[in-house]
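What follows is the residue order along each chain.
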Protein chains: 2
Amino acid sequence: MSDHEQRHTPTPPGHSGDALPPVEQHAQQYEAVRNAHETELIEDYVELIGDLIRHRGEARAADIANRMAVSQATVSKMIRRLNELGLVTSKPYRSLFLTEEGQKMAQTSRARHDVVLHFLRALGVDDSTARIDAEGMEHHVSDETLTIMQRFTEQQRTP
Amino acid sequence: MSDHEQRHTPTPPGHSGDALPPVEQHAQQYEAVRNAHETELIEDYVELIGDLIRHRGEARAADIANRMAVSQATVSKMIRRLNELGLVTSKPYRSLFLTEEGQKMAQTSRARHDVVLHFLRALGVDDSTARIDAEGMEHHVSDETLTIMQRFTEQQRTP
DNA sequence: GATAATTGTTAGCCAAGGCTAAACTGTTTG
DNA sequence: CAAACAGTTTAGCCTTGGCTAACAATTATC
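Reading guide: rules and limits
Residues numbered from 1 in each chain as written. Chains lettered and ligands numbered in written order. Predicted model: local features only at pLDDT ≥ 70, side-chain atom pairs only at ≥ 80, totals over all residues. Heavy atoms only, no water. UniProt positions renumbered as here; feature names shortened; annotations may be inferred. Helix = DSSP H or I, 4+ residues; strand = E, 2+ residues; numbered from the N terminus. Buried < 20%, exposed > 50% of the residue type's maximum accessible area, 1.4 Å probe, protein only. Contact = heavy atoms within 4.5 Å. Areas by Shrake-Rupley, 256 points an atom, 1.4 Å probe, with all protein chains shown as cover. Phe/Tyr/Trp six-rings, centres within 6.5 Å; stacked < 30°, edge-to-face > 60°. Near = heavy atom within 4 Å. Polar contact = N/O pair within 3.5 Å; in protein donor to acceptor, adjacent residues only side chain to side chain. Least-squares fit on C-alpha atoms with pLDDT ≥ 70 in both. Axes fitted to C-alpha atoms, helices over the stretch in contact; angles between N-to-C directions. Left-handed = near helix turned anticlockwise from the far one by under 90°. Nonpolar A, V, L, I, M, F, W, Y, C, P; charged D, E, K, R; others polar. Salt bridge = Lys/Arg side-chain N within 4 Å of Asp/Glu carboxyl O. Buried area = accessible area lost by both parts, 1.4 Å probe.

Per an unreviewed UniProt entry, chain A is named Transcriptional regulator MntR, and its organism is Vreelandella lutescens. Regarding chain A, the UniProt comment filed under Subunit (unreviewed entry) reads as follows: "Homodimer." As stated in UniProt under Subcellular location (unreviewed entry), the record for chain A gives "Cytoplasm".

Quick look at the structure:
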């Protein structure tokens, strides 16, 4: 653990832009992003499976592959993982179901996604752009920010 | 390419929540996220190196490792990659420099980051939360949304 | 009901991005 | 100036999440 940096001025004076955050805080930012990345894909799969079930009555691997633009082999492998994690149940060659826990995750993830999407639209972002941005952003928005976004959206709706 | 889904109602009627987007659009969302992920880390490194140079006069591997909360070995490996990509120049055991291209990327990335961070603060998000969220969000915000965020922030500043 | 088409699985490959341990270089200091 | 220390690199390992190709099962069609 080098504190080499700390020998110098902690908050340099006349630079353009913001100062660097303290090391611990800075590190925490990057760690948060890495953590988000670990769960992100899992959540996306679970969310999509939930959506497919809701809207189509069932979730099949081929549909997931199409919608994710990914090979069926990739989906198959991922489903095995979701199984091990206790998020879905599946019998070979049959369509998928979410466990209790999976349903909870799908629901949370869905809600999160919707808040971000509606927020972006309320901000004035074009629908198809909002969809793309929301998909990427949803896993990186804290609960605090999410609440604020929701409040903002509601205010826009009833001016 | 299965169109199995399309046999059914394309926009189902009375469900709660939004309908599923058409397959092509949906796929595009996920592809965008995967693409962002590929460049994300690279941009983070380059941005951080730029920041270290600006604020401290030099960027050393140990500082990067500390700030990213990652081992030095990981940094070392990454620097080799950045080198191959023509983004940084480095002599063994010496501190790092950004190439022209690297500087351009650092600058763009920095600007993006700042817009998102200032936007979140203008929205009313607490500073340390805003920093964490901004770090994750910055790579998933389209230019369109970025512009809107910037406009919003300026409006808040001068009410 | 046999065969064709679709869907699902398995095996084996690859790159990215982490890690630890060990070797090496450069700098500081007794 | 030699030894100790701090910083850097290399080697080798692991997991994820992609892919293709080959095979297996289910479903559709004649």
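So much for the structure itself; the text now carries on.
What chain A contains, in helices and strands, is six helices and two strands. When the helices and strands of chain A are read in sequence order from the N terminus, they spell out α-α-α-β-β-α-α-α. Looking at chain A as a whole, 47% of its 159 residues qualify as buried. In chain A, once contacts between residues fewer than 6 apart in sequence are set aside, the share between residues at least 24 apart is 53%. For chain A, the exposed surface amounts to about 8,500 Å²; the carbon and sulfur share of it is 51%.

Another point: the packing of aromatic side chains. Following the criterion strictly, the structure yields four aromatic pairs over all chains and no others. Measuring from ring centre to ring centre gives 5.3 Å for phenylalanine 119 of chain A and phenylalanine 152 of chain A, while their planes differ by 65°; the resulting arrangement is edge-to-face. Here phenylalanine 152 of chain A lies in helix α6 (residues 143-157) and phenylalanine 119 of chain A lies in helix α4 (residues 100-123), a separation of 33 residues in the sequence. By relative accessible area, which is 11% here, phenylalanine 152 of chain A ends up buried. A centroid spacing of 5.8 Å and a plane angle of 75° characterise the contact between phenylalanine 152 of chain A and phenylalanine 152 of chain B, whose relative ring orientation is edge-to-face. Linking phenylalanine 152 of chain A in helix α6 with phenylalanine 152 of chain B in helix α6 (residues 143-157), this pair reaches from one chain into another. Among the aromatic side chains, those forming a connected cluster through ring pairs are Phe119 and Phe152 of chain A together with Phe119 and Phe152 of chain B.

Here we take up the environment of arginine 81 of chain B. Residue and element names in this part refer to chain B. Mapped onto the secondary structure, arginine 81 falls in helix α3 (residues 72-84). Classification of arginine 81 as partly exposed rests on a relative accessible area of 41%. In this structure, the C-alpha to C-alpha distance between arginine 81 and isoleucine 42, residues 39 residues apart in sequence, is 8.9 Å.

This next bit is on the protein's contact with DNA strand C. Of all residues adjacent to DNA strand C, which total 21 residues, the nearest are Arg60 and Ala62 of chain A together with Thr74, Lys77 and Arg81 of chain B. At the protein interface, 71% of the atoms of DNA strand C within 4 Å belong to sugar or phosphate. Between DNA strand C and arginine 60 of chain A, the relevant distance is 2.8 Å, taken from a phosphate oxygen to a side-chain nitrogen or oxygen of the residue. Take serine 71 of chain B: an N or O atom from its main chain is 2.9 Å from a phosphate oxygen of DNA strand C. Where the surface near DNA strand C is concerned, the elements lending two or more residues are α2 (61-68) and α3 (72-84) of chain A together with α3 of chain B.

Here the focus is the relation of the copies chain B and chain A. Mapping chain B onto chain A calls for a rotation angle of 180° and an axial translation of 0.0 Å; the resulting RMSD is 0.0 Å. Expressed as an axis order, the relation between the two copies is that of a two-fold axis. When C-alpha positions in chain B are compared against the rotation axis, the closest is assigned to methionine 137 of chain B, at 2.7 Å. Interface overlap between copies: 100% of the residues of chain B at the interface are likewise at the interface in chain A, consistent with a symmetric, same-surface contact.

Residue and element names in this part refer to chain A. With their axes 11 Å apart at the nearest point, helix α1 (residues 23-56) and α2 run at an angle of 115° to one another. Our pair here, α1 against α2, has a crossing hand that is right-handed. Along the contact surface, α1 presents Asp44, Tyr45, Leu48, Ile49, Leu52 and Arg56, while α2 presents Asp63, Ile64, Arg67 and Met68. Looking at the contact of α1 with α2 residue by residue, the class counts come to six nonpolar, no polar and four charged.

Moving on: the pattern of salt bridges. Pairs can form between side chains of opposite charge once their charged atoms are near each other. All names here are of chain A. One pass over the structure, following the stated rule, counts 14 salt bridges over all chains. One salt bridge in this structure joins arginine 60 and glutamate 58, with 3.5 Å as the shortest N-O distance. Arginine 60 sits in the partly exposed class, given a relative accessible area of 32%. Residue glutamate 58 is classed as partly exposed on the basis of its relative accessible area, which comes to 31%. Residues joined in a network through salt bridges with shared partners are Asp51, Arg54, Arg110 and Asp114.

Let us look at the interface of chain B and chain A. Counting from both sides, the interface comprises 67 residues of chain B and, opposite them, 67 residues of chain A. Each partner contributes to the roughly 6,100 Å² buried at the junction of chain B and chain A, and carbon and sulfur atoms together form 53% of this total. Remark: the boundary between chain B and chain A carries zero salt bridges. Counting every contact that joins chain B to chain A gives 23 residue pairs in polar contact (both at pLDDT 80 or more). The element that contributes the greatest number of residues to the side of chain B that touches chain A is helix α1 (residues 23-56) of chain B, accounting for 20 residues.

Residue and element names in this part refer to chain B. Locating valine 75 in the fold gives a position in helix α3. Given a relative accessible area of 0%, valine 75 falls into the buried group. On a C-alpha basis, the gap between valine 75 and tyrosine 45 in space is 9.0 Å, while along the polypeptide they are 30 residues apart. Valine 75 has contacts with Tyr45, Ala61, Ile64, Ala65 and Val70, leaving out every residue within four places of it along the chain.

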